[in-house]
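# Chain and residue survey
Here is how the chains run, residue by residue.
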Amino acid sequence: MKNLAVPALAFSLLAACRGEAPPVSPTPSPELESLIQQQAESAAPGSEQVGALYRGIAVDHGEFEDFRVEVESGQCYYFVAAGDPTIEVFHLMVYKEDSKRPVSDDKQKGREAMTRYCPEKTQVAKFRGKVGRGAGHFAIGVFKKPNNEAVATEEKLDLDAIIQADAETAASGSTLVNLYESKGEKTDLYVQLEKGTCYWFIGAAQKQVDDYYIYLWDQQKKRLGETKADGNKAQFGYCATASGMYHLQIKVDDASDAVKLGVFAKRGDGKSPATADLEKAITEEATSTAPGAKLQGTFRTATAKKTDFNIQFDKNKCYWVIAAAQTGTDSFSIALFDQNGNLKDKSAQAEGKGQVATCTNEGGMFKVQLRFDGSQSGEVKVGVFGKPK
């Protein structure tokens, strides 16, 4: 007698023609575990399986099952699915805690799928296995391995922020004149110093640096001083007795990453070298463009790539906002917004100075915003002048 058994694929094709789901076998395919392991070894070699396989069944297309697993920050999780041969489309979705939309998903024609999720915090994640076409048993394995990218990012220090914080403590009231970046074990720099001005050389490097040295010589090649720090930060101070070009040198014991050095300055009268000149330039500009207008409050200083000032404007007055910057500072633009967030005026991107103006009918808190092309690298002063309409 002939064997009348019909292969599962034939049932599947026949059911598809009738618009029906294929019959589901009583037991899952024995290949599921090996298919999952093969995918995991390929996508995440060296990963560790979390618990046992999660198993589900769909007797018709569109059916799904949800599962939950605790995931930890600092790890990446690989969700690997495989189903019976009667499954033609499989959709695998991962949701973070309290999320209605998947943070990661994979929809495949066939019975296998894989997706990855690297949580920012430890939580209970939900994952869903859905059969888009066909029917049958399926299994999902969860595998984890350390998130090396996150670890590398966490270990990087923000050198600019460290230098600025140290300057606020060691050189209060000073202004950043230059910020240098070195990528070698020894870097020679030449800086212009002005008589009667005190300077602070403040450096920072990544954690692998154990020795950070700073040296300074005058125009006659006489060594004026040095500092040899056992660590990744160093400071050295000097008050110039003569104007000229000075020789500055940085030495570190590890050149695998960038090293930075900030030069900060403050004049003997307590103001930074540029402050007096900038305030004078702003006042002269106001006298020319807004005769009779008075300075509102004090001059303000822009200290970041984007700096916002909130200023109270009175009704029935006209205001001029004028900014001036040190030579070599990145170009910038000024925008002026009213109390409702409407743009009232904006200057073109330019170096050296900028200006915006408006007249008010109603009073309120206006916002002045300075934006720089690059990182803010020098002192920028802002003056607000006003007079009645």
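A few words now on a negative patch on the surface. A cluster of acidic residues, Glu185, Asp210, Asp230 and Asp253, forms a negative patch at the surface. With respect to the secondary-structure elements, Asp210 resides in the loop between strand 12 (197-205) and strand 13 (212-217). A residue is classified by how much of its surface remains accessible, and Asp210, at 46% relative accessible area, is partly exposed.

Here we take up the confidence of the model for the protein chain. Taken as a whole, the protein chain shows an average pLDDT of 85; of its residues, 87% reach a score of 70 or greater. This model gives residues 1-17 a pLDDT under 50, and the stretch forms eight contacts once residues within four places in sequence are excluded.

Here the focus is the sheet that holds strand 16 (residues 244-252). The sheet built from four strands is open, its strands ordered 11-16-13-14 with antiparallel pairing. Both edges of this open sheet fall to strand 11 (186-193) and strand 14 (223-229), since each of them pairs with a single strand only. Taking each pair of neighbouring strands and ignoring which way they run, the sheet shows an average axis angle of 15°. In this sheet, strand 16 lies alongside strand 13 in antiparallel orientation, the contact comprising six bridges. When the sheet's bridge partners are listed, Tyr213 is paired in strand 16 with Lys251.

Even without being a glycine, Lys221 presents a positive backbone phi close to 65°. Inspection of the secondary structure assignment puts Lys221 in the loop between strand 13 and strand 14. Even without glycine at this site, Asn316 takes up a positive phi of about 60°.

What follows concerns the packing of aromatic side chains. Scanning all chains against the criterion turns up 11 aromatic pairs. Residues Phe79 and Phe127 carry aromatic rings whose centres are separated by 5.1 Å and whose planes lie at 50° to one another, so their mutual orientation is tilted. With Phe79 in strand 4 (residues 75-83) and Phe127 in strand 8 (residues 123-134), this residue pair connects regions lying 48 residues apart in the sequence. Taken individually, Phe79 and Phe127 each receive the classification buried, so the pair is uniform in this respect. With centroids separated by 6.5 Å and ring planes inclined at 90°, the aromatic side chains of Tyr213 and Tyr215 adopt a geometry described as edge-to-face. The exposure class assigned to Tyr213 is partly exposed, which follows from its relative accessible area of 23%. Aromatic ring contacts, followed pair by pair, group Tyr54, Phe67, Phe79 and Phe127 into a single cluster. If you follow Arg128 out to its NZ or CZ, it ends over the ring of Phe64, 4.1 Å from the centre. Cation over ring: Lys228 sits above Tyr213, and NZ or CZ is 5.4 Å from the ring centre.

Core analysis: the biggest nonpolar cluster contains 24 residues, and Leu193, Phe201, Tyr212, Ile214, Tyr238, Leu248 and Leu261 have the highest contact counts within it. When residues of this core are traced back to their parent elements, those giving at least two are strand 11, strand 12, strand 13, strand 15 (233-239), strand 16 and strand 17 (259-267). Counting residues in hydrophobic clusters, the runner-up holds 21 residues, among them Tyr54, Val69, Phe90 and Leu92.

To continue, consider the sheet that holds strand 25 (residues 364-372). Judged by pairing direction, the sheet is antiparallel, and its four strands sit side by side in the order 20-25-22-23 without closing on themselves. Every other strand in the sheet has two partners, leaving strand 20 (306-313) and strand 23 (343-346) as the edge strands with one partner each. Within this sheet the neighbouring strands show an average axis-to-axis angle of 20°, counted without direction. The pairing of strand 22 (residues 332-337) with strand 23 spans three bridges and is antiparallel. For Ala335, the partnering residue across the bridge sits in strand 23 and is Lys346.

If you check helix 4 (residues 159-170), its first and last C-alpha atoms are 16 Å apart, about what 12 residues at 1.5 Å a residue would give, namely 16 Å. Where helix 4 is concerned, the buried positions are Leu159, Ile163, Asp166 and Ala167. Relative to the axis of helix 4, the buried residues are bounded by an arc of 105° and lie together on one face. Opposite the buried face of helix 4, at more than 90 degrees from it, the exposed residues are Glu168 and Thr169.

Here the focus is the pattern of salt bridges. Per the stated rule, a full pass over the model turns up seven salt bridges. Linking Asp166 and Lys233 is a salt bridge whose minimum nitrogen-to-oxygen distance equals 3.3 Å. You can see Asp166 sitting in helix 4 and its partner Lys233 sitting in strand 15, a full 67 residues away along the chain. By relative accessible area, which is 16% here, Asp166 ends up buried. Taking the relative accessible area as the measure of exposure, Lys233 reaches 40% and is therefore partly exposed. Between Glu181 and Lys260 there is a salt bridge, with its nearest N and O atoms 3.8 Å apart. Here the residue Glu181 occupies a position in strand 10 (residues 175-182), and Lys260 occupies one in strand 17, the gap between them amounting to 79 residues. On the basis of relative accessibility, which here comes to 48%, the residue Glu181 falls in the partly exposed class.

Conventions adopted
- Residues numbered from 1 in each chain as written.
- Predicted model: local features only at pLDDT ≥ 70, side-chain atom pairs only at ≥ 80, totals over all residues.
- Heavy atoms only, no water.
- Patch = residues over 30% accessible without salt bridge, like charges linked within 9 Å, V, L, I, M, F, W, Y side chains within 5 Å.
- Areas by Shrake-Rupley, 256 points an atom, 1.4 Å probe, with all protein chains shown as cover.
- Salt bridge = Lys/Arg side-chain N within 4 Å of Asp/Glu carboxyl O.
- Lys, Arg positive; Asp, Glu negative; His and termini not counted.
- Charge placed at Lys NZ, Arg CZ, Asp CG, Glu CD.
- Helix = DSSP H or I, 4+ residues; strand = E, 2+ residues; numbered from the N terminus.
- Buried < 20%, exposed > 50% of the residue type's maximum accessible area, 1.4 Å probe, protein only.
- pLDDT = per-residue confidence, 0-100.
- Contact = heavy atoms within 4.5 Å.
- Pairing = 2+ DSSP bridges.
- Axes fitted to C-alpha atoms, helices over the stretch in contact; angles between N-to-C directions.
- Phe/Tyr/Trp six-rings, centres within 6.5 Å; stacked < 30°, edge-to-face > 60°.
- Lys NZ or Arg CZ within 6 Å of the ring centre and 35° of its normal.
- Core = buried A, V, L, I, M, F, W, Y, C linked by side-chain atoms within 4.5 Å.
- Expected span 1.5 Å × (residues − 1).
- Arc of directions from axis to C-beta.

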